[in-house]
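Next come the chains, spelled out residue by residue.
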Amino acid sequence: MEKSQKASQSLVGEFGVSDEIEELLLTLPRDKSFDGSSIYQYEGAWYRPVLLAGLISSRKHFQAKDSDVIVITFLKSGTTWLKALTYAIVSRSHHAIFDSNSPLLTKNSHDLVPFLDFAYYPNNNNSSEHISTDDPRIFGTHIPYSSLPDSIKNSDCRIVYMCRNPFDQFISHWKFSENLAQEQNVQPISFEEVFELFCKGIHSFGPSWEHVLGYWKASLENPHKILFFKYEDVKEDTSFHVNKLADFLGCPFSDVEKSRGVIEEIVKLCSFDNMKDLEVNKTGRFRGTGIKNSNFFRKGKVGGWTDYFTPSMSERMNKLIEEKFSGSDLTFKMS
């Protein structure tokens, strides 16, 4: 692991950072992210410079309301999908969710549910002044629980967290990073090196197990504030979990809505296949980073990791999961 140098490399678009952040980077451990760019360790987790700047800025400026909804995942754990489901549930009384003018048909869910990391990033075009004033407000983030803004932890706002089995999450993160590297005309690092970084916990917002366990333990301590989902469970019975999510958020479906098939309409509208096929997700770019919207949609399968892992990798990953999640009662479906 290297100590940082003055030069820093961030997400697509060559984001700059302030002098304050550059000075901070000089003091932090540095390593490589999955796409080969620099990544820095801060408060036990790893960040690209722009995301570290956004974290620090959001902790200074973001003031949570009791009515806010915060959608949180680890990277590539169904973030786009969970944001869409949450937006559709919460906004069904404010917008025409199911007609041709639905915002979910013309905008990527990352634009409808802004990331705190970008919304409060200094001088970003996706700044807080563009945030919706709808009540409840919905935000997203990948920030670990221990590093969340105090106003989120101390308010009565609700947190929805979704994790994914580490095998599929790792593959999805690797493929996403590989696409970013190709867009930047950077030679991506090898699959074997990426796997080694993952096992060491060196990746954006990682180690992943600490991220997941942080929210898992917090959800057990405060189930009225934090709803913990598993990607595989939501895939298996999406309607059940949509209904559960609506209850948790304080906007339950009425008997009339249920009889009219509103839950099923939301499931269909926000399905992977439907969102992937939308024009905005074929051609558009996420305004926060310039990343192609299409990069947020790959396969969305459970068990796709088996196409990539060698037997020795599988054995190592299983041992890692057993070691890191031992005693937590948290288990994962791998297929």
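Per an unreviewed UniProt entry, the chain is named Sulfotransferase, and its organism is Acer negundo. You can read under Sequence similarities (unreviewed entry) in the UniProt record for the chain the words "Belongs to the sulfotransferase 1 family."

Visitor: How would you sum up the overall build of the chain? Please name residues and give values.
Guide: Looking only at helices and strands, the chain has 17 helices and 8 strands in total. Within the chain, buried positions represent 59% of all 335 residues. Of the contacts formed within the chain by residues at least 6 apart in sequence, a portion of 75% connects residues at least 24 apart. Counting only carbon and sulfur atoms, one obtains 46% of the accessible surface of the chain, whose full area is about 14800 Å².

Visitor: Describe the sheet that holds strand β5 (residues 69–73), and please don't skip the residues or the numbers.
Guide: Strands sit in the order β6-β5-β7-β8 across an open sheet of 4 strands; the sheet is parallel. Each having just a single partner strand, β6 (138–141) and β8 (226–230) make up the two edges of the open sheet. With direction set aside, neighbouring strand axes in the sheet form an average angle of 20°. Judged from the 5 bridges that link them, strand β7 (residues 158–163) and β8 form a sheet pairing that is parallel. Bridge pairing links Val160 to Leu227 in β8. Where helix α3 (residues 79–91) meets the sheet, its contacts fall on β5, β6, β7 and β8, and the angle it forms with β5 comes to roughly 160°.

Visitor: Explain the nonpolar core to me, using residue names and the numbers behind them.
Guide: Ranked by internal contacts, the top residues of the largest apolar core, which has 65 residues, are Ile152, Phe170, Phe309 and Met317. Setting aside its immediate chain neighbours within four residues, Phe309 contacts Phe167, Phe170, Ile171, Phe195, Ser314 and Met317.

Visitor: Before we move on, could you go through the environment of Gly36 and cite the residues and values that matter?
Guide: Here Gly36 shows up in the loop between β2 (29–32) and β3 (38–42). Considering only alpha carbons, one finds Gly36 and Glu178, 142 residues apart in sequence, at a separation of 9.3 Å.

Visitor: Help me get a handle on helix α9 (residues 191–199), residues and values and all.
Guide: Because each turn of an α-helix spans 3.6 residues, side chains separated by three or four positions in sequence point in the same direction. Residues Phe191, Val194, Phe195, Leu197, Phe198 and Cys199 constitute the buried set of α9. Contacts from the buried residues of α9 go to β2, α8 (166–183), α10 (208–221) and α17 (311–324). Trailing α9 by a residue or two, Gly201 shows a phi angle of about 80°, which is positive.

Visitor: Before we move on, can you summarise the side chain of Thr238 with the specific residues and values?
Guide: With respect to the helices, strands and loops of the structure, Thr238 is situated in helix α12 (residues 238–248). On the basis of relative accessible area, Thr238 is assigned to the buried category, the value being 11%. In this structure the side chain of Thr238 is engaged in a polar contact, spanning 2.7 Å, whose partner is the backbone oxygen of Val234. If near-sequence neighbours (up to four positions away) are discounted, Thr238 is found in contact with Trp81, Leu85 and Val267.

Visitor: Lay out the packing of aromatic side chains in plain terms, naming residues and giving numbers.
Guide: Considering all chains together, one arrives at 20 aromatic pairs under this definition. Ring centres of Phe62 and Phe139 lie 5.0 Å apart, and the angle between their planes is 75°; this geometry places the pair in the edge-to-face category. Placement of the pair is Phe62 in the loop between α2 (49–61) and β5 and Phe139 in strand β6, with a sequence separation of 77 residues. Look at Phe62 and you get buried, because its relative accessible area is 1%. Among the aromatic side chains, those forming a connected cluster through ring pairs are Phe34, Phe167, Phe170, Trp174, Phe191, Phe195, Phe198, Trp209, Trp305, Tyr308 and Phe309. Here the guanidinium or amino end of Lys83 rests over the ring plane of Phe115, the centre of that ring lying 3.3 Å away. The ring of Tyr231 has Arg164 sitting right over it, with the charged end atom 4.4 Å from the ring centre.

Criteria and cut-off values
Residues numbered from 1 in each chain as written. Predicted model: local features only at pLDDT ≥ 70, side-chain atom pairs only at ≥ 80, totals over all residues. Heavy atoms only, no water. UniProt positions renumbered as here; feature names shortened; annotations may be inferred. Helix = DSSP H or I, 4+ residues; strand = E, 2+ residues; numbered from the N terminus. Buried < 20%, exposed > 50% of the residue type's maximum accessible area, 1.4 Å probe, protein only. Contact = heavy atoms within 4.5 Å. Areas by Shrake-Rupley, 256 points an atom, 1.4 Å probe, with all protein chains shown as cover. Pairing = 2+ DSSP bridges. Axes fitted to C-alpha atoms, helices over the stretch in contact; angles between N-to-C directions. Core = buried A, V, L, I, M, F, W, Y, C linked by side-chain atoms within 4.5 Å. Polar contact = N/O pair within 3.5 Å; in protein donor to acceptor, adjacent residues only side chain to side chain. Phe/Tyr/Trp six-rings, centres within 6.5 Å; stacked < 30°, edge-to-face > 60°. Lys NZ or Arg CZ within 6 Å of the ring centre and 35° of its normal.

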